[in-house]
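# Summary of the model geometry
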Amino acid sequence: MAVSGEVQVSWPGLAGDRRWAFIRPGQVHSGFPWLTIRERPELAHYRPRFARPDQPDTSPVLVRTPGGGELDVADPALAAELGPGVRVIKQNRGVFDTMPLSLLTTQAVASLGRLAGTSLAAGRFRPNLLVEACEGDFPEDAWVGRHLRIGGLRMRVDQRDQRCVMVTIDPVTLDRNRAVLRAIARKRDARFGVYGSSVEPGPVAVGDPVELEP
């Protein structure tokens, strides 16, 4: 799973997840005003952390920059480093494209790698939950409309995840590989992984069993 140790999952998703976002200049009324690695791939090398990890929803967030400095996420110097006119906002309910939870299986990552002709890491697709399933190439497709229990969380799998150009960017090297998105578009109806929502909030830890309800 894409968590370290244990995390609390509530109605707005993982505690502390996507609570801060940077706004591109001149995009206040845009349907998608966010500054992302699509516009600035080097954002993948900015590393946020909670100053108080045991209180993620209220903790100050510190960001390690590629240059080795560390700034508070709300420090104007950080926004200025990201570009002229960039500003930061906080959204306590989370800044989500579609839904608060995203899930991917290790089988799907390996299968897509075969379709794209390259080795892929799950981090490229930014899942909240990375699950090892029992069988199948893309097993999560069959979970849409059903419920999963993961640790203390009960979640509903609501829909497949429609992907965009951001999956072409390797978050480590920042290299672009358009074969990844072509494979998803041509072989997967432009969808890869699934979105979901909390039905019964609870804690999730690395190594928790995953149960698909009948």
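Report follows, based on the coordinates. (Residues numbered from 1 in each chain as written. Predicted model: local features only at pLDDT ≥ 70, side-chain atom pairs only at ≥ 80, totals over all residues. Heavy atoms only, no water.)

### Quick notes on the layout of surface pockets
The criterion, for reference: A 1.4 Å probe that fits but cannot get out identifies a cavity on a 1 Å grid over protein atoms alone, an open set with protein on both sides within 12 Å along at least five of seven lines counts as a pocket, and a residue lines either if it has an atom within 4 Å of a point. Grid points are joined across faces, edges and corners, and a volume is the space filled by probe spheres set on the points. The helix count covers DSSP runs of H or I at least four residues long, the strand count covers runs of E at least two residues long, and both are numbered beginning at the N terminus. Residues are grouped as follows: Ala, Val, Leu, Ile, Met, Phe, Trp, Tyr, Cys and Pro are nonpolar; Asp, Glu, Lys and Arg are charged; every other residue, Gly included, is polar.
Each pocket or cavity is described by its volume, and for the largest pocket that value is around 1900 Å³. Lining the largest pocket we find 49 residues, and of these Asp17, Arg18, Tyr46, Pro48 and Arg126 sit closest to its centre. Of all the elements in the fold, those that place two or more residues in the lining of the largest pocket are β1 (6-10), β3 (20-23), β4 (47-50), β5 (61-64) and α1 (76-82). A total of four residues in the lining of the largest pocket trace back to one element, the largest contributor, which is β4. Its residues placed into classes, the lining of the largest pocket shows 31 nonpolar, seven polar and eleven charged. Within this model, the second largest pocket holds a volume of roughly 360 Å³. Looking at the second largest pocket, it is lined by 21 residues, and the ones nearest its centre are Asp97, Arg126, Asp161, Gln162 and Tyr195. Elements that contribute at least two residues to the lining of the second largest pocket include exactly β11 (153-162) and β12 (191-200). In terms of residue count, β11 provides more of the lining of the second largest pocket than any other element does, four residues in total. Tallied by class, the residues present in the lining of the second largest pocket amount to eight nonpolar, five polar and eight charged.

By themselves, these observations are geometric and do not establish any function.
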